[in-house]
Every structure is written in structure tokens, then in C-alpha cells.
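Close look at the chain arrangement
Spelled out, the chains give:
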Amino acid sequence: VSYITGYGSVMANIGQIRNRGFEFTLNTHNIKGKDFNWYSTLLFSMNRNKVVKLTDDHSDIWDGGFIGINYNLIREGEALRTVYGLKRDGSGTWGTNEAGEAARYGKKPGDKKYIDRNNDGKIDYENDGNLYPDFEMSLSNTFSYKNFDLTLDIQGKSGNKAINLARMVCEQRGWYANSYASILNYWTPDNQNTMIERPRTTIGGNAQELQIDDDLIEDASYIRFKNLMVGYTVPASFANKLGATVGPKLKGQTAGTLFEQITM
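These notes cover the structure that comes with them.

The rules we used
- Residues numbered from 1 in each chain as written.
- Predicted model: local features only at pLDDT ≥ 70, side-chain atom pairs only at ≥ 80, totals over all residues.
- Heavy atoms only, no water.
- Pairing = 2+ DSSP bridges.
- Helix = DSSP H or I, 4+ residues; strand = E, 2+ residues; numbered from the N terminus.
- Patch = residues over 30% accessible without salt bridge, like charges linked within 9 Å, V, L, I, M, F, W, Y side chains within 5 Å.
- Areas by Shrake-Rupley, 256 points an atom, 1.4 Å probe, with all protein chains shown as cover.
- Salt bridge = Lys/Arg side-chain N within 4 Å of Asp/Glu carboxyl O.
- Buried < 20%, exposed > 50% of the residue type's maximum accessible area, 1.4 Å probe, protein only.
- Phe/Tyr/Trp six-rings, centres within 6.5 Å; stacked < 30°, edge-to-face > 60°.
- Polar contact = N/O pair within 3.5 Å; in protein donor to acceptor, adjacent residues only side chain to side chain.
- Contact = heavy atoms within 4.5 Å.

Turning our attention to the pairing of strand 11 (residues 135–145). Relative to strand 11, strand 2 (residues 36–54) is paired through ten bridges, and the arrangement is antiparallel. Following the sheet pairing, Asn37 is matched in strand 11 by Ser144. The sheet contact formed by strand 11 and strand 12 (residues 148–158) spans eleven bridges and is antiparallel. Looking across to strand 12, one finds that Ser140 is bridged to Asp153. Where strand 11 hands over to strand 12, the hairpin turn is made up of two residues, of which Lys146 adopts a positive phi near 55°.

Below you can see the structure in the form of C-alpha cells.
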């Protein structure tokens, strides 16, 4: 778009995305009594995202990145938030006895070692999975005894991945920034079995190599106690003594709830 219009680009709808999923809600009254009751609510959901069509020529689009590094690849037939990165070799770094092979990729002993799947002298990005969870769920339980009640919420996700960019900054790039203690296990000729590459300098030399690789892709599944709430229902007679207004439907019943809530 000509800048004479005041803009340098234009937005357009260039693709189609399909979402198919399943949601399930179950409400139960587990124990029903005169003074004691137990209620539960279970929520379960799952979604499968897929890019159905993308641009007229079906070309890939890199979307998003970190410090100039792209890792979110939008490609037909795959999920929208698919992460692409390099694959680290099991040994982690090039050894001194691999200097000749490392030079084929422009590397030296102590540099990160990536897998060349095709053995063509080129390291290609590969699919490291997507950031969507396989499923999400939450379970809420409420227990009541006379005027007291207790509510506990549990929530979690399973199967989702996350990119630990903090490790990239504090471990891969930590020689001139705040660092993790793990960086002390860096490569030396006497310590070659490590994922932490050799130290480099940014003054008169190359900086640390920054790449999204599978070593930074971590399992982000979790389950946690999300909310805990304890309450007490105040009798209407007590509320009247405090000067609280009691509506017609509350006369002889309750007038409010005092509670303490803890969020985790």
C-alpha cells in the first residue's frame, strides 16, 4: 500500500480455521441431609484446532517470535499455535573429537549440537507440537453444615506445551545477563557432556547462539487448588439486630454470608 494513503499495509482475511471440541458439565448432589450437604460440579472440555486453508498459494506464515527468532508456524493441516524449532542432539554439544563434523555446519567444539535429519549439511526446523492442551477440567466441591459452608475448586490442563523463554535468556544467553545456577555446568574440554554451550563474548566475538529448540519445549500440564472459600450464613434475626435490611423472602431465613476466601 502506498504510504501516501497514510498506511504501509492492509489487513486481510487469508485463511480458514476449524475448531472441533467437546464440553461436558456434571452437577451432582452427593450427600443430601438435614444438616450436612455435599455438592460437586465437574467441567471438562477439549478442542482440536486446525488450519484448513491459508492464502491463495497455501504458503506458510511465521507468526510471533522472541528477540528476532520465529517459532510459531501457521501451516495448513496443523494447529494454529504450532511450535517449530531445532532438535538438540542427545549429547547436547559438539565434542573436541567432532571438530571436523562440527565445521561442516559452521560450528566448533562446545557449540550446541543439532540433529541433521537428512544428513544434507542443513539443520531444518521441525514440529515440536502445539500449545493447546489435550483437555481442560475443573472440579468444584461445596460442603455445607448448618450455617457453615466450604468450597474448594480444583483446576488443571493436560498435554499442553510451553516454551521456556526465561531459560533462553538466563541459560543460553546468561553470560552477560542474570543467569541460572545451571549455567555453571557450561562446556569445557574437561566437561563435554552438557547441554550448556561454551562461553562466548560479545566484545570482538560472536554472542551466544539463540535458537528455539526442543530443549526449551516443556510440558505445561498442571493441576492446582485454585480457590478455597469458607463461609457462614448469618440468621435473619441476628441481621435485624445489626440494622441490616431483610427482604420479604429472607424473613425467618438468612440475611447474608460472612466468608473468607483464599485464592491459590
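Still more ground to cover, so stick around.
In this section: a nonpolar patch on the surface. Taken together, Phe22, Phe24, Leu26 and Met46 make up a surface patch of nonpolar side chains, about 330 Å² in accessible area. It is strand 1 (residues 15–32) that provides the largest number of residues to the nonpolar patch, a total of three residues. Within the element layout of this structure, Phe22 appears in strand 1. Assessed through its relative accessible area of 43%, Phe22 is described here as partly exposed.

Looking now at the packing of aromatic side chains. Any pair of aromatic rings gets described here by the distance separating the centres and the angle formed by the planes. Under the defined criterion, the tally for this structure stands at seven aromatic pairs. Judged by centre distance (6.0 Å) and plane angle (25°), the rings of Trp94 and Tyr105 are stacked. With Trp94 in the loop between strand 8 (88–93) and helix 1 (99–103) and Tyr105 in the loop between helix 1 and strand 9 (112–114), the pair connects residues that are eleven residues apart, well separated along the chain. On the basis of relative accessible area, Trp94 is assigned to the buried category, the value being 3%. Residue Tyr105 is classed as buried on the basis of its relative accessible area, which comes to 17%. An angle of 50° between the planes, with centres 4.7 Å apart, marks the rings of Phe148 and Tyr232 as tilted. With Phe148 in strand 12 and Tyr232 in strand 15 (residues 222–235), the pair connects residues that are 84 residues apart, well separated along the chain.

Turning our eyes to something else, we now look at the side chain of Asn141. Locating Asn141 in the fold gives a position in strand 11. Within the local environment of Asn141, its side chain forms a polar contact with the side chain of Ser40, the two groups lying 2.5 Å apart. In contact with Asn141, not counting residues within four places along its chain, are Trp38, Tyr39, Ser40, Leu150, Thr151 and Leu152.

Moving on to the pattern of salt bridges. Within the structure shown, the criterion is met by eleven salt bridges. With its nearest N and O atoms 3.7 Å apart, the salt bridge here joins Asp213 to Arg88. Placement of the pair is Asp213 in the loop between helix 2 (165–172) and strand 14 (217–219) and Arg88 in strand 8, with a sequence separation of 125 residues. Relative accessible area serves as the criterion here: at 7%, Arg88 is assigned to the buried category.

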